[in-house]
Amino acid sequence: MRPVLRRALALAGCALLLAGCAPAPAPDDAPASSGQTTLQVPAGDGGSGGMLCIGYTESDGFNPYRVNSSLVAQNAGLVFEKLVEITPEMDLEYRLAQSIVSAGDQVVITPRGGCTFADGTAVTAEDILASLQAAQASAMYGGRFAGVTAMRVQDGLVVLELAAPDSLFAYLCDIPVMKAAETALASPTASGRYTYGQGADQLVANPRAPFGAGEGPAEIRLWPVAGYDELVSSFSQGSVNLYDAISDSDAAGSMTSQQSFYRTNELIYLGVNSAGEKPLLATATGRTALSRLIDRRALAQESFYARAYPATGIINSFYPCVRDAQTISADPQPDGVSALLGTLGYTLDPMTGYFADADGARLEVQLLVYTGSVYKRYAANLLRQQWGEAGVYVQVVEQDNFDQYKEQVLSGQFELYIGEVKLYNNMDITPFLPGGALSAGLAQNEELPAARDAFRLDVAAAGALEQAFADLMPLVPLVWQNGTVVCSRDVSGVSASVSGVFYSLANLAVA
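The shown structure was predicted, so the numbers you read here are calculated from the model rather than taken from an experiment.

### Structural notes on the overall build of the protein chain
For step 1, the next point in the chain: The helix and strand tally for the protein chain stands at 12 helices and 23 strands.
For step 2, the next point in the chain: Burial status across the protein chain gives 53% buried among its 511 residues.
For step 3, the next point in the chain: Of the contacts made within the protein chain by residues no fewer than 6 positions apart, 70% connect residues no fewer than 24 positions apart.
For step 4, the next point in the chain: For the protein chain, the exposed area adds up to about 20700 Å²; of that, 51% sits on carbon and sulfur atoms.

### Focus on the sheet that holds strand 9 (residues 202-205)
For step 1, the next point in the chain: Read across the sheet, four strands follow the order 1-10-9-8 without closing on themselves; strand pairing throughout is mixed. The open sheet has two edge strands with one neighbour each: strand 1 (53-56) and strand 8 (194-196). Across the sheet, the mean angle from the axis of one strand to that of its neighbour is 35°, orientation sign disregarded.
For step 2, the next point in the chain: The pairing of strand 8 with strand 9 spans three bridges and is antiparallel. Note that in strand 9 the partner of tyrosine 196 across the bridge is leucine 203.
For step 3, the next point in the chain: The strands touched by helix 2 (residues 70-79) are strand 1, strand 8, strand 9 and strand 10 (219-224); relative to strand 1, the strand with the most contacts, the crossing angle is about 130°.

### Comments concerning the pairing of strand 5 (residues 106-111)
For step 1, the next point in the chain: Within strand 5, six of the six residues are buried, leaving the element largely enclosed by the surrounding structure.
For step 2, the next point in the chain: Both faces of strand 5 are covered, namely the face carrying Gln106, Val108 and Thr110 and the face carrying Val107, Ile109 and Pro111.
For step 3, the next point in the chain: As judged from the six bridges shared by strand 4 (residues 97-103) and strand 5, these two strands associate in the antiparallel manner. Counterpart to alanine 97 in the pairing with strand 5 is proline 111.
For step 4, the next point in the chain: The hairpin turn running from strand 4 into strand 5, its antiparallel successor, is two residues long, and glycine 104 in that turn takes a positive phi close to 65°.

### Describing the pattern of salt bridges
For step 1, the next point in the chain: One pass over the structure, following the stated rule, counts 12 salt bridges.
For step 2, the next point in the chain: Across the pair aspartate 453 and arginine 452 runs a salt bridge whose closest N-O atoms are separated by 2.7 Å.
For step 3, the next point in the chain: The class of aspartate 453 is partly exposed, set by a relative accessible area of 39%.
For step 4, the next point in the chain: Assessed through its relative accessible area of 12%, arginine 452 is described here as buried.
For step 5, the next point in the chain: Several salt bridges converge on common partners, so that one network encompasses Glu81, Glu93 and Arg95.

### Remarks on the side chain of glutamate 161
For step 1, the next point in the chain: Of note, glutamate 161 is situated in strand 7 (residues 157-162).
For step 2, the next point in the chain: Polar side-chain contacts of glutamate 161 include one of 3.1 Å to the side chain of arginine 152.

### A short note on a nonpolar patch on the surface
For step 1, the next point in the chain: Side chains of Tyr305, Val374 and Tyr378 sit close together on the surface and give an oily, nonpolar patch of about 260 Å² of accessible area.
For step 2, the next point in the chain: The residue valine 374 is located in helix 9 (residues 374-390) in this model.

### Focus: the environment of leucine 348
For step 1, the next point in the chain: Among the structural elements, leucine 348 can be located in strand 14 (residues 347-349).
For step 2, the next point in the chain: Among the residues examined, leucine 348 registers a relative accessible area of 47% and is labelled partly exposed.
For step 3, the next point in the chain: Expressed as a C-alpha distance, the spacing of leucine 348 and serine 338, which sit 10 residues apart in the sequence, is 7.8 Å.
For step 4, the next point in the chain: Among all residues touching leucine 348, those that are not within four sequence positions of it are Gly353, Tyr354 and Phe355.

### Section: the packing of helix 7 (residues 296-303) against helix 9
For step 1, the next point in the chain: The N-to-C vectors of helix 7 and helix 9 enclose an angle of 140°; their axes lie 10 Å apart at closest approach. With respect to helix 9, the element helix 7 is oriented oblique. Judged by the twist between their axes, the crossing of helix 7 over helix 9 is right-handed. Only Tyr375, Tyr378, Ala379, Leu382, Leu383 and Gln386 of helix 9 make contact with helix 7, whose side of the interface consists of Ala298, Leu299, Glu302 and Ser303.
For step 2, the next point in the chain: Across the contact of helix 7 with helix 9, the residue classes break down as seven nonpolar, two polar and one charged.

### Focus: the environment of serine 373
For step 1, the next point in the chain: Here serine 373 lies in the loop between strand 16 (364-370) and helix 9.
For step 2, the next point in the chain: Its relative accessible area of 7% is what places serine 373 among the buried residues.
For step 3, the next point in the chain: It is 8.6 Å that separates the C-alpha atoms of serine 373 and serine 247, two residues lying 126 residues apart in sequence.
For step 4, the next point in the chain: In this structure the side chain of serine 373 is engaged in a polar contact, spanning 3.2 Å, whose partner is the backbone nitrogen of lysine 376.

### Some points on unusual backbone geometry
For step 1, the next point in the chain: Phi angles above zero are rare outside glycine, and methionine 90 is one such case at about 70°.
For step 2, the next point in the chain: One non-glycine residue, methionine 473, lies in positive phi territory at about 45°.
For step 3, the next point in the chain: Structurally, the position occupied by methionine 473 is in the loop between helix 12 (462-472) and strand 19 (475-488).

Cut-offs used in this document
- Residues numbered from 1 in each chain as written.
- Predicted model: local features only at pLDDT ≥ 70, side-chain atom pairs only at ≥ 80, totals over all residues.
- Heavy atoms only, no water.
- Helix = DSSP H or I, 4+ residues; strand = E, 2+ residues; numbered from the N terminus.
- Buried < 20%, exposed > 50% of the residue type's maximum accessible area, 1.4 Å probe, protein only.
- Contact = heavy atoms within 4.5 Å.
- Areas by Shrake-Rupley, 256 points an atom, 1.4 Å probe, with all protein chains shown as cover.
- Pairing = 2+ DSSP bridges.
- Axes fitted to C-alpha atoms, helices over the stretch in contact; angles between N-to-C directions.
- Salt bridge = Lys/Arg side-chain N within 4 Å of Asp/Glu carboxyl O.
- Polar contact = N/O pair within 3.5 Å; in protein donor to acceptor, adjacent residues only side chain to side chain.
- Patch = residues over 30% accessible without salt bridge, like charges linked within 9 Å, V, L, I, M, F, W, Y side chains within 5 Å.
- Parallel < 35°, antiparallel > 145°, perpendicular 65-115°, else oblique.
- Left-handed = near helix turned anticlockwise from the far one by under 90°.
- Nonpolar A, V, L, I, M, F, W, Y, C, P; charged D, E, K, R; others polar.

The following block contains the structure:
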C-alpha cells in the first residue's frame, strides 16, 4: 500500500468522527424552510418584487455535467455542495471533502462525515467518485481532470491516480457533488443550500444544507431564459436582478445596476516573440527591461477600470504558496533599465528621446491587439505611452477579426501581443511551455519545465518556479482579470469567488 494511502486511512476514522458537518437530519416531513417565512411568488409577475431573481434555462436544468453552460454552473452553486471552495482571497476551504492529500501521482480524498442530501440520505464516497467521473466526462470540467488516469473507492476513501504529480490538485475539486445514480439527470437531488420548490419557478432553502444553512433568502425566484443574451435582456427589463457577466460590454455599468468583482485566474499577459533578431525581444535581459517599465497598477485601474489586479508572477499572487515569493513588481522600476538596454547595444538618443541601436535606428516594437476587447485596446495604448516615455517606440497593430488575430498568435506572426488565458485553478502553466497551445514564439529553456515539475511534486517549490520564470521571462504577466457580477441596485452583500457567484449568502439581501 502506498504511503499516502496508508496515512489517509490512518486519519480517516478521526476525520469522520471530528467532522461535525451538520446538525442531525430533520424528519422527512419537516417544512422546507425551518424557522423562516416562505415568500410567495406572484404568478406572472415579471419584476423581482424584493426577491432575488436569477435566470435559468428550464431544458438545461441545474446539472453542469450535462451541459456546458455558465448559467447552469452558476445556479448549481446554489443547489449542490462542492468538495472544496476557493475563497475570495484564493484560500482553499474544504466542504464535502474533509481532506485532499496529494503526494506523487496519487490523490486521496477523505469524505466529510455527517453530510446529507436534501432527502436525508448520506453523502458517500461513492457519490463523490461518481461526481468526479461525471466531471471528467463533461465539457464543463473535463479539461481540468484530463490528467486523472484512474479513480476508485477504497476503504471509504476516494483514490485518484494521476499521469503526473499535482501539488495543487485540491484546487481543481470545486465541483458539485450529486448522488451516484443521478449524475446524468437534469435536476439531481440537492446537496447544497437550496433545493427545488413546489413550483418550477423557485428554489427554497434546504434545512439539511451541510454548510450555510439559514443564510441568504428563504426563496429564490427562477426566471426562464433561452440563453445568455436573453438573460442580459431580462436583467435590463427588471425580470432578473443578478447575473455573472462574461463579456466587457455586458459588464458595463448603468444608472440602474452595480457591479461586484471577484478574483479569477484569467491572466492578461504580453506574449513576446523571441525568434526575431531584436535583442529587446530575443534576450531575457530585453524582456526583463520591458517588464520593469510597466506600471501594472495603472493598467489595472485605468485600462481595466479596476476590473483587474496586478500580475506579479506566473502564479496568481493571492495563492498562499507564492505570497511574498514573487520578484516582479506591480510598480514600474525604471532605475537600471538604461544599463540593461546598454548591454544589448542600445543607447538613449537625447534628440529624439528614444533608444537607438549602433546604426542609429530607433528602438521600435510592434504590439498586436484584438480590438474586440475594449480593455485590451486601452491596455495597448497605455503600454505604448509608458514605454514611449521610457524611450521605447511602440507601434500598436490592431486586428478587428478575432480568427485572424488568433491565427497570427498561434503561428508566431507577431513581435508582441496582448493575450488572455484562463489557467486552471492548480496554476498549470503547461500552455506556455514547449508544445503548449500558447508556446509559439516564446523563449524556452530546460530550467522552467524542470521548475514546473518540481512545483507539481511539492507546493513548497512555488518560489523556485517564480524565480525560474522571472529569469527567463518568456512572457510578461500584466494583470489578473476580475470576474464581474452585475446586480440591480436593490441587491447588496454579494460575495463571489472563482468557485462561484454564490460563494457566500451570509450578507446577501434584496431591498
